[in-house]
Amino acid sequence: MIRTKTQLALAASAAVIAAAMAEPALAQDAAEAALPVAPETSFIFNSFSFLVHGFLVMWMAAGFAMLEGGLVRGKNTTMQMTKNIALYSISGLMYWVIGYNLMYNGVDGGFFGIPGPWSASDPIVDGAFEGDASGYAAASDWFFQMVFVATAASIVSGTLAERIKLWPFLIFIVCLTGVIYPIQGAWQWGGGWLAEAGFSDFAGSTLVHSVGGWAALAGAILLGARTGKYGADGKVHPIPGANLPLATLGTFILWLGWFGFNGGSQLALGSAADAISIATIYMNTNLAAAAGVVVAILVTQAIYGKVDLTMALNGALGGLVSITAEPLTPSPMMAVLIGGIGGVLVVLTVPLLDKLKIDDVVGAIPVHLVCGVWGTLAVPLTNSGTNFGSQILGIVSIGAFVFVVSFVIWFVLKMAMGIRVSEEEETIGLDKAELGLEAYPEFGRGSQSIL
Amino acid sequence: MIRTKTQLALAASAAVIAAAMAEPALAQDAAEAALPVAPETSFIFNSFSFLVHGFLVMWMAAGFAMLEGGLVRGKNTTMQMTKNIALYSISGLMYWVIGYNLMYNGVDGGFFGIPGPWSASDPIVDGAFEGDASGYAAASDWFFQMVFVATAASIVSGTLAERIKLWPFLIFIVCLTGVIYPIQGAWQWGGGWLAEAGFSDFAGSTLVHSVGGWAALAGAILLGARTGKYGADGKVHPIPGANLPLATLGTFILWLGWFGFNGGSQLALGSAADAISIATIYMNTNLAAAAGVVVAILVTQAIYGKVDLTMALNGALGGLVSITAEPLTPSPMMAVLIGGIGGVLVVLTVPLLDKLKIDDVVGAIPVHLVCGVWGTLAVPLTNSGTNFGSQILGIVSIGAFVFVVSFVIWFVLKMAMGIRVSEEEETIGLDKAELGLEAYPEFGRGSQSIL
Amino acid sequence: MIRTKTQLALAASAAVIAAAMAEPALAQDAAEAALPVAPETSFIFNSFSFLVHGFLVMWMAAGFAMLEGGLVRGKNTTMQMTKNIALYSISGLMYWVIGYNLMYNGVDGGFFGIPGPWSASDPIVDGAFEGDASGYAAASDWFFQMVFVATAASIVSGTLAERIKLWPFLIFIVCLTGVIYPIQGAWQWGGGWLAEAGFSDFAGSTLVHSVGGWAALAGAILLGARTGKYGADGKVHPIPGANLPLATLGTFILWLGWFGFNGGSQLALGSAADAISIATIYMNTNLAAAAGVVVAILVTQAIYGKVDLTMALNGALGGLVSITAEPLTPSPMMAVLIGGIGGVLVVLTVPLLDKLKIDDVVGAIPVHLVCGVWGTLAVPLTNSGTNFGSQILGIVSIGAFVFVVSFVIWFVLKMAMGIRVSEEEETIGLDKAELGLEAYPEFGRGSQSIL
Amino acid sequence: MKLIMAIIKPFKLDEVREALSALEIQGLTVSEVKGFGRQKGQTEIYRGAEYQVNFLPKVKIEIVVADDMVERVIEAIQNSARTDKIGDGKVFVLDVEKSVRIRTGETDADAL
Amino acid sequence: MKLIMAIIKPFKLDEVREALSALEIQGLTVSEVKGFGRQKGQTEIYRGAEYQVNFLPKVKIEIVVADDMVERVIEAIQNSARTDKIGDGKVFVLDVEKSVRIRTGETDADAL
Amino acid sequence: MKLIMAIIKPFKLDEVREALSALEIQGLTVSEVKGFGRQKGQTEIYRGAEYQVNFLPKVKIEIVVADDMVERVIEAIQNSARTDKIGDGKVFVLDVEKSVRIRTGETDADAL
Ligand SMILES: Nc1ncnc2c1ncn2[C@@H]1O[C@H](COP(=O)(O)OP(=O)(O)O)[C@@H](O)[C@H]1O
Ligand SMILES: Nc1ncnc2c1ncn2[C@@H]1O[C@H](COP(=O)(O)OP(=O)(O)O)[C@@H](O)[C@H]1O
Ligand SMILES: Nc1ncnc2c1ncn2[C@@H]1O[C@H](COP(=O)(O)OP(=O)(O)O)[C@@H](O)[C@H]1O
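How each quantity is defined
- Residues numbered from 1 in each chain as written.
- Chains lettered and ligands numbered in written order.
- Predicted model: local features only at pLDDT ≥ 70, side-chain atom pairs only at ≥ 80, totals over all residues.
- Heavy atoms only, no water.
- Helix = DSSP H or I, 4+ residues; strand = E, 2+ residues; numbered from the N terminus.
- Rg over C-alpha atoms; globule rule 2.2 N^0.38 Å.
- Contact = heavy atoms within 4.5 Å.
- Areas by Shrake-Rupley, 256 points an atom, 1.4 Å probe, with all protein chains shown as cover.
- Buried area = accessible area lost by both parts, 1.4 Å probe.
- Salt bridge = Lys/Arg side-chain N within 4 Å of Asp/Glu carboxyl O.
- Nonpolar A, V, L, I, M, F, W, Y, C, P; charged D, E, K, R; others polar.
- 1 Å grid on protein atoms, 1.4 Å probe; cavity = no way out; pocket = protein on both sides within 12 Å on 5 of 7 lines; lining within 4 Å.
- Points joined across faces, edges and corners; volume = space filled by probe spheres on them.
- Buried < 20%, exposed > 50% of the residue type's maximum accessible area, 1.4 Å probe, protein only.
- Pairing = 2+ DSSP bridges.
- Least-squares fit on C-alpha atoms with pLDDT ≥ 70 in both.
- Near = heavy atom within 4 Å.
- Polar contact = N/O pair within 3.5 Å; in protein donor to acceptor, adjacent residues only side chain to side chain.
- Core = buried A, V, L, I, M, F, W, Y, C linked by side-chain atoms within 4.5 Å.
- pLDDT = per-residue confidence, 0-100.
- Expected span 1.5 Å × (residues − 1).
- Axes fitted to C-alpha atoms, helices over the stretch in contact; angles between N-to-C directions.
- Left-handed = near helix turned anticlockwise from the far one by under 90°.
- Patch = residues over 30% accessible without salt bridge, like charges linked within 9 Å, V, L, I, M, F, W, Y side chains within 5 Å.
- Arc of directions from axis to C-beta.

Peer 1: When you look at the overall build of chain A in this model, what are you seeing that I'm missing?
Peer 2: When helices and strands are tallied, chain A shows 16 helices and 0 strands. For 451 residues, the compact-globule estimate of 2.2 N^0.38 gives 22 Å, and chain A sits close to it at 24 Å. Reported as C-alpha extents along the three principal axes, the dimensions of chain A are approximately 80 × 50 × 50 Å. Looking at chain A alone, contacts between residues at least 24 apart form 78% of all its contacts between residues at least 6 apart.

Peer 1: For this particular structure, what's the right way to read the overall build of chain D?
Peer 2: Along its length, chain D carries 2 helices and 7 strands. Sequence-ordered secondary structure for chain D, helices as α and strands as β, is β-α-β-β-β-β-α-β-β. Its C-alpha atoms give chain D a radius of gyration of 17 Å, clearly above 13 Å, the size a compact globule of 112 residues would have. C-alpha extents for chain D along the principal axes are approximately 60 × 25 × 20 Å. A separation of at least 24 residues holds for 71% of the contacts in chain D among residues at least 6 apart in sequence. Working note: accessible area of chain D is about 4,300 Å², and carbon and sulfur atoms make up 45% of it.

Peer 1: Looking at this model, I keep getting lost on the interface of chain A and chain C. Mind explaining?
Peer 2: A common way to report how large an interface is uses the accessible area buried once the components associate. Each side of the interface is counted separately: chain A has 80 residues, and chain C has 94 residues. A buried area of about 7,000 Å², summed over both sides, lies between chain A and chain C, and 74% of it is on carbon and sulfur atoms. If you look at where chain A meets chain C, you find 0 salt bridges. The biggest single contributor to the side of chain A that touches chain C is helix α10 (residues 272-304) of chain A, with 17 residues. Residue composition of the side of chain A that touches chain C, by class: 52 nonpolar, 19 polar and 9 charged.

Peer 1: Sorry, what's going on with empty space enclosed by the protein here?
Peer 2: If a probe the size of a water molecule is rolled over the atoms, the empty space left behind becomes visible. If you walk through the whole model with that rule in mind, you get 14 cavities of 30 Å³ or more. When its volume is computed, the largest cavity comes out at roughly 470 Å³. Taken together, 34 residues form the lining of the largest cavity, with Gly444 of chain B, Gly444 of chain C, Glu32 of chain D, Glu32 of chain E together with Glu32 of chain F sitting closest to its centre. Of the residues belonging to the lining of the largest cavity, the class tally is 12 nonpolar, 9 polar and 13 charged.

Peer 1: Would you take a moment to explain the pairing of strand β4 (residues 49-52) of chain D for this structure?
Peer 2: Consecutive side chains of a regular strand alternate in pointing toward one face of the sheet and then the other. Residues Ala49 and Tyr51 of chain D of β4 of chain D are buried on one face, while the alternating residues Glu50 and Gln52 of chain D, pointing to the opposite face, are not. Taking the residues that link successive antiparallel strands as the turn, the strand β3 (residues 43-46) of chain D-β4 of chain D hairpin has 2 residues, and the phi of Arg47 of chain D there is positive, at about 55°.

Peer 1: Looking at this model, I keep getting lost on the relation of the copies chain A and chain C. Mind explaining?
Peer 2: The two chain copies are connected by a rotation around an axis plus a translation along it. Superposing chain A onto chain C requires a rotation of 120° together with a translation of 0.0 Å along the rotation axis, leaving an RMSD of 0.0 Å. Classification of the inter-copy transformation places it as that of a three-fold axis. The rotation axis passes nearest to the C-alpha of Phe443 of chain A in chain A, at a distance of 3.3 Å. When you check the interface residues of chain A against chain C, a mere 18% turn up at the interface there too, and the two sides of the contact use different surfaces.

Peer 1: Would you mind going over the site of ligand 3 with me for this structure?
Peer 2: Taken together, 21 residues are adjacent to ligand 3, and Thr29, Arg101 and Arg103 of chain E together with Arg38 and Gly87 of chain F come closest. Residue neighbours of ligand 3 fall on chains E and F, so the site bridges chains. At 3.5 Å from an oxygen atom of ligand 3 is found a main-chain nitrogen or oxygen belonging to Leu28 of chain E. Contact distances for ligand 3 include 2.9 Å between a nitrogen atom and a backbone N or O atom of Val64 of chain E. For ligand 3, whose free accessible area comes to 550 Å², the fraction covered by protein is 99%. Elements with a contribution of two residues or more to the shell around ligand 3: β2 (28-36) and β5 (56-65) of chain E together with β2 (28-36) and β6 (90-95) of chain F. By residue number, the principal contributor to the shell around ligand 3 is β5 of chain E, which donates 3 residues.

Peer 1: I'm lost on the pairing of β2 of chain E in this one. Help?
Peer 2: Most of β2 of chain E is tucked away: 8 of the 9 residues are buried. Where strand β2 (residues 28-36) of chain D lies against β2 of chain E, 3 bridges are found, and the strand directions are antiparallel. In the sheet register, Leu28 of chain D faces β2 of chain E, and the bridge partner there is Phe36 of chain E.

Peer 1: What am I meant to see in the nonpolar core here?
Peer 2: Inside soluble globular proteins, nonpolar side chains tend to come together where they are buried. Core analysis: the biggest nonpolar cluster contains 478 residues, and Phe55 of chain A, Phe55 of chain B together with Phe55 of chain C have the highest contact counts within it. Other than its neighbours up to four places away in sequence, Phe55 of chain B contacts Phe55 of chain A, Phe143 of chain B together with Val52, Phe55, Leu56, Leu256, Phe259 and Tyr282 of chain C.

Peer 1: Where do I start with the environment of Arg47 of chain F in this structure?
Peer 2: Residue position: Arg47 of chain F is located in the loop between β3 (43-46) and β4 (49-52). Taking relative accessible area as the criterion, Arg47 of chain F reaches 7% and is therefore assigned buried. Residues Arg47 of chain F and Ala6 of chain F, 41 residues apart in the sequence, show an inter-C-alpha distance of 37 Å. Beyond its immediate chain neighbours, meaning those up to four positions away, Arg47 of chain F contacts Asp308, Thr310, Met311, Asn314, Val350, Val362 and Gly363 of chain A.

Peer 1: Would you mind showing me how to read the confidence of the model for chain A here?
Peer 2: When pLDDT drops low, the exact placement of atoms in the prediction is not to be read closely. Chain-level pLDDT for chain A is 92 on average; 91% of the residues reach the 70-or-more range. Counting contacts from residues 5-33 of chain A, a segment whose pLDDT is below 50, to residues more than four positions away or on other chains yields 36 contacts.

Peer 1: Help me understand the site of ligand 1 in this model?
Peer 2: Taken together, 21 residues form the shell around ligand 1, and within it Arg38 and Gly87 of chain D together with Thr29, Arg101 and Arg103 of chain F come nearest. Chain contributions to the surroundings of ligand 1 come from chains D and F. Contact distances for ligand 1 include 2.7 Å between an oxygen atom and a backbone N or O atom of Arg38 of chain D. Within the backbone of Val64 of chain F, a nitrogen or oxygen atom sits 2.9 Å from a nitrogen atom of ligand 1. Considered on its own, ligand 1 offers 550 Å² of accessible surface; in the complex 99% of this is hidden by protein. Those elements giving two or more residues to the shell around ligand 1 turn out to be β2 and β6 (90-95) of chain D together with β2 and β5 (56-65) of chain F. Grouping the constituent residues of the shell around ligand 1 by class yields 7 nonpolar, 7 polar and 7 charged.

Peer 1: Is there a simple way to think about the side chain of Glu62 of chain F in this case?
Peer 2: Its location among the elements puts Glu62 of chain F in strand β5. Of note is the side chain of Glu62 of chain F, whose polar atom sits 2.7 Å from the side chain of Lys60 of chain D. When residues no more than four places from it in sequence are discounted, the contact partners of Glu62 of chain F are Met5 and Lys60 of chain D together with Leu3, Ile4, Met5, Leu28 and Thr29 of chain F.

Peer 1: What am I meant to see in unusual backbone geometry here?
Peer 2: Trans is the prevailing form of peptide bonds, just as negative phi is the prevailing case for residues other than glycine. Even without being glycine, Asp108 of chain D reaches a positive phi, approximately 50°. Of note, Asp108 of chain D is situated in the segment after β7 (98-101). Taking the relative accessible area as the measure of exposure, Asp108 of chain D reaches 31% and is therefore partly exposed. We note that Asp84 of chain F has phi near 70°; this positive angle belongs to a residue other than glycine.

Peer 1: Honestly, helix α12 (residues 332-355) of chain C in this entry has me stumped. Any pointers?
Peer 2: Since the α-helix packs 3.6 residues into each turn, any two residues three or four apart lie on the same face. The end-to-end C-alpha distance of α12 of chain C, which contains 24 residues, comes to 35 Å, matching closely the 34 Å that a straight helix rising 1.5 Å per residue would cover. Note on α12 of chain C: the residue one or two positions beyond its end, Lys357 of chain C, has a positive phi of about 55°.

Peer 1: Would you explain the packing of helix α5 (residues 138-159) of chain B against helix α6 (residues 166-188) of chain B in this entry?
Peer 2: The relative placement of two packed helices comes down to the angle between their axes together with the axis-to-axis distance. All names here are of chain B. Interaxial distance between α5 and α6 falls to 10 Å at its minimum, and their mutual angle equals 140°. When you trace α5 past α6, the crossing you get is right-handed. Each of Phe148, Val149, Ala152, Ala153, Val156 and Ser157 in α5 lies in contact with α6, whose residues at this interface are Phe169, Phe172, Ile173, Leu176, Thr177 and Tyr181. Looking at the contact of α5 with α6 residue by residue, the classes come out as 10 nonpolar, 2 polar and no charged.

Peer 1: I keep staring at a nonpolar patch on the surface and nothing clicks. Help me out?
Peer 2: Residues Leu381, Phe388, Ile392 and Val396 of chain A make up a contiguous nonpolar surface patch of roughly 370 Å² in combined accessible area. With respect to the secondary-structure elements, Phe388 of chain A resides in helix α14 (residues 388-417).

Peer 1: Explanation requested: helix α1 (residues 13-22) of chain D in the structure shown.
Peer 2: Taken residue by residue, α1 of chain D has Leu13, Val16, Arg17 and Leu20 of chain D as its buried positions. Considered in projection along α1 of chain D, the buried side chains sweep an arc of 100° and stay on one side of the axis. In this structure, the buried residues of α1 of chain D make contact with β1 (2-8), β2, β5 (56-65) and α2 (70-81) of chain D together with β2 of chain E. Glu24 of chain D sits one or two positions beyond α1 of chain D and adopts a positive phi of about 65°.

Peer 1: Hey, could you run me through the pattern of salt bridges in this one?
Peer 2: Between side chains of opposite charge, a pair can form as their charged atoms come close. Counting across every chain of the model gives 57 salt bridges over all chains. Glu162 of chain A is the partner of Arg73 of chain A in a salt bridge, and the nearest nitrogen-oxygen pair spans 3.0 Å. Of this pair, Arg73 of chain A sits in the loop between α3 (39-71) and α4 (77-104) while Glu162 of chain A sits in the loop between α5 (138-159) and α6 (166-188); the two residues are 89 residues apart in sequence, bridging distant segments of the chain. The exposure class of Arg73 of chain A is buried, given its relative accessible area of 16%. Using a relative accessible area of 1% as the deciding quantity, one classes Glu162 of chain A as buried. One salt bridge connects Lys60 of chain F with Glu62 of chain E, and the closest N-O pair in it is separated by 2.7 Å. Within this pair, whereas Lys60 of chain F is found in strand β5, its partner Glu62 of chain E is found in strand β5, the two belonging to separate chains. Residue classification places Lys60 of chain F among the buried residues on the basis of a relative accessible area of 1%.

In structure tokens form, the structure reads like this:
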């Protein structure tokens, strides 16, 4: 069998093979080529794209849970699982109760929409279809937008792991997913002032990833580092994660989910042009991630004389975040470059953060914030409809808004109820101290290991 | 970029952005809006929906394996993996050999169809397409129906874990997937007497989930509890699962798979109306699951003063099972309510079962049977074409049939060959005793841990 | 609700139910049945099939990583993760830099194409669609072909685990994915001499799986067995894998991914005939895998008196590889037979390899090479357009080419830089010795287990 | 004082602990060990090749007691740990010269 | 020579090791153990049912030292391992008759 | 009777066990431990920061034997566990006052 179009001429002559393939489509009259895609067909494609790409992004929630669950110590793993399944659930509810409408309902060049519970208002009631080719099922769009919120929230849980209390964390997530994310989202994707100012962020390097990163950074500053992470002498004491295959699985899940994240952000599949765009996005997304991994491997080998798997995993994610602001216009070569630089940035900023004594358990700030900024800045390199000024405006305005509001909320939570467990609880581990439930009771120091 | 339809008017005026997006679809003549979806296009959509949603449901087999593998002790984990991959395989073979035809072939208002190996009879041989818009590839339907059988079977393996012998378990699975499931399935989905009686179960709260639950319950009663689970004094001795991140992963997999389970049960994607239905189903499915998690977290915090991750995981599944009988007609608010009540039910019935000394290792009976009943009862709350009488008829008739037949089969197996391992084998663990193969030979009590 | 087409007549009369379903599609005029699929619609379907099936195959990279990570010892797990994420990344880059064009660009009945970086040249620039119904987005095809290369590479990493050095391994992967795979691919899928000779390999039993197997075999011979695997007396000393749930997860991932691997290899979804083909492929793929599992379970029980989970997992994969050369033409019964024989072959050749003192850590050679040959030989049993002569020609020519070239590259690497770690490093484990990073620092012998 | 070191079958741990509590033993220390003895491990088959598991899981209990308790402790362990099957384990007695409770600095009998 | 066997709280291990290094102790051996004593495990709830965790994680340190070091070692352990809360652990001293360094065959004091 | 306690490199366990079997030693008990000694752990780098692994994996073997076996056992361990590299470990000998076989109640030499 011959597997590509470039070989079609040959295929026509290879009669034996062609017969085996039995492609009745070839029999179609050339005249039909003029037949356009029916608008209802486009509507189905658009909706299905939202759903398929949406379930891929939903799957990223599992990816974050596994990545973070593998990079924390065994004594905090149950808590990490609890936080991650809770935050995905809260995101889904908050975005329905208030978020979606706050982000999209009548923003009209302004700063936010009219909040309130969302419900679908699809144009078709019954009978013949009367929508147009750019239409889609309202709920499919809701679903696709909703899973993005959860992504931003997942980033926060990784940075603050192993020391933050459960309930203040969840309260913050309520604020982040119900209010902070939707408001800044309204500025751009909701058609607010930033969109009018010419900012461009295709799938959310800034709107999703750096938002999670800024919220995490604010929390990390107020929360402080894990006990023992930084010695009195300024020495960094690494705290290795308990389960690296789990972290690797999480990274592969995220990589897979990212095809949905970037590909689905084309927001349509109703025309050949859309299909080509999405295909290009898949390719560029994969190239950028691959470059992130390879570069992280080469750079860690060069600097440290050995390869660091956790950096390679972060490198993949750094490449992915970097290409997210513009996965469509780059050539393959540019996608490799953008992703590769993401890989370098991750490897360099992980130790930098440690110098600043900002303790980011899983490297979420280097990956999502630093590479999110880089990716957003890189858009004008390949997309001629954009400019650096607008990009910087977007990065700074969203960064300032999210960081300041998050900082205030974290601060209020700290004053009101405390955000950090006691040192003794931290020593015992959050799983036993806060939840009374061990992740691996039979392994390591688990209470069932001798029974 | 502007990401939603509600902003389309704005988009048209925002020329800079529109140019960057280059949507040739917008150029299409308005006249084309009248063009309907070609029947062959619908056929492809319908088939592809079965395949995509089917592979998501297939993935649930992995979800059950991981969930159950994480909730059993390390000494029974290899066995749990063995049972789960075996049951998925057996389901696929039995449903081909006899099940599908028993369920769908000429039921005609009766009690079962004509059994026999299935093979596709698609209407198209070659040349122009002559089917209609509701058609689909026969094998795509077979595939989608087949993966549902495996789901029912997976439920049983969870409840009976850690003490049932491998071979009697597999023999039961042969009966369940080849005979029990298809017969009751014929009553409703096969167009049998129950369908005519007005019962409604969109995606299988009763037909799939409670069926697994009833079969599990019958087995659990005859099998007895794990040694040590219930003290002489009536005290419950918890037996913690060995690997909670694995259980969490399993839950996320199931959640993802459920979009296929419920979404695919629309059975068509060939029209805009279908696309809207499926999108609505995705949204409601996610809202119900999210509500199940949040409610389970709140209720465990209220009752026990702490959050229990395993209850939160069960809560997600309880929400999902609850919405499965009717994921289409509920408003978002009703979906949240239905799922949230599922979460409450799970948290309350897990200890209740323990009071009855029915040992359900993973909480499958609360999740699949109790919430399955609840979800089925809730259908008339939102679907005006249904009534409580018919719903109860379905729940009771299927419940009675499955429970009685399962009980008889388990009983015969118990008499004929024994269904339970010896107490010594249970102490050693099924992995060493029955399989001679440890799941984690280097961790915990594994034989390789000092080598 | 009634769930299948065989019941449609009944459905029409069951008015209550039909009303609840609201299927406007039924209202379409019968005259529309003549309306064909618009070429642009086919283009979208074809592209989307490549993307959806492509992301499933991409997911197989995670499956291999988990399978292999579960079957090696804990002290080599970080390395296995590192190799697998690196090889997926390298595959993506090499196939872009040189591989795709070497495989597909102007092969024209010859031995290879014109290498060079790939970039898309889609027919549509703007305005009305002018392609035909067999078209697809160029990048979607690239993506789909690319993920196949990674599959071949993953096979090698499994066989050679626990003793090969990181860097020579990665260099070999560069050669395999950039040169070896594309050249032999050009012979057949690129429309080269082998395609003209009438060889048939639908989805790559030979072109992908046996290629990985031959490359692995050459490496295994030159590398030698793991220390301690074969006693002086010729006795085999099993080395159990550290994490069997992880290996099971990997197998489920691979099974899921295989629907993409085989289904996507139809290379089109633009007609009802394509949809029927893909659906048939899904069914046959699942039946073959299920048969592989059940047969492996029965055979191990018969021979060894107990079931071996790792053989059941290998059995699933053996069934899958066996059906890959021709997943379309077999009847369900033949699919079961072909897959079942794959299961037998795996169970029998795993110990056979041990007799030959070829140490294949995960059973990749039995699964991918032996079953790859078997599957390719089985094609003429069901596909009348093929013959045994051509099949043997393909197996032998590709086998000889890949084995010899791989052997030479491994040999040069061995001479130039050594391919094997020292015995001391092997004893300590590659994770500590080469990477300084433990996979499970808190479990088993991990350095953090007492802290 | 004496150190009583008992190697027992793991699933007997709870019974032994209860028997010792009945003697008002206030403290003991347990660890996981592997035992090699008359009781042999099963022959297992992994992927078609046989192998012998040489070491069996056992639990080691260490209890420091006053001299006059030794016989009663040994007896209690024997009675609670016995299954009458090979591999039930051993009790060894060693002399202890000094004991200290870290928290209080109490020594010897007071420290137990 | 004496064998000093100390049962301590796990998170105190690093402090104890440093205190012993300050005494120029050159070697020691550590193992994970579970302790049963006056300090009781928390009552936990799992899926609605209460249970008591009977055994608490502890670390056992074994150090063989020359006789004249014993008091200083005990003191160092006491000072570094103490939290003044119940469960801080114990130190036991046993007599050692002979020591051998495997690598060199040196014995007794030279072997430590 | 004596308790011979040997700390060895883990990968030497099988050789030592075989050497002891050759002496007709019928039983022994093994545990995983971490050793701190002259042999230092490698310096590792994790995410750009260096750290020292202080404790190295070792295996502890405990064997109770009759007095007349002690020298032969020590010798066998020394010969089979030696790699001549730092960290090969130690053998310590302690006196055992009493041994009991739980299954039969046999004591002392009969219990071994
Ligand atoms: N001489 C010994 N020194 C130390 N431990 C021993 C000795 N003999 C036996 N053991 C321990 O006691 C356990 C049980 O001994 P075994 O000979 O199998 O059975 P039994 O106790 O019934 O004689 C062994 O697995 C081992 O851990
Ligand atoms: N008699 C004993 N023999 C052996 N170990 C003991 C003994 N008493 C206590 N231990 C160990 O010391 C630990 C601490 O003892 P515990 O009674 O809880 O507190 P404290 O040391 O403050 O008195 C226990 O967990 C146990 O491991
Ligand atoms: N004084 C001691 N008491 C207890 N264990 C010791 C002592 N000295 C060394 N060890 C154990 O012996 C191991 C090997 O000792 P080390 O000083 O590293 O090398 P060597 O045995 O070659 O002198 C250490 O890791 C430790 O487990």
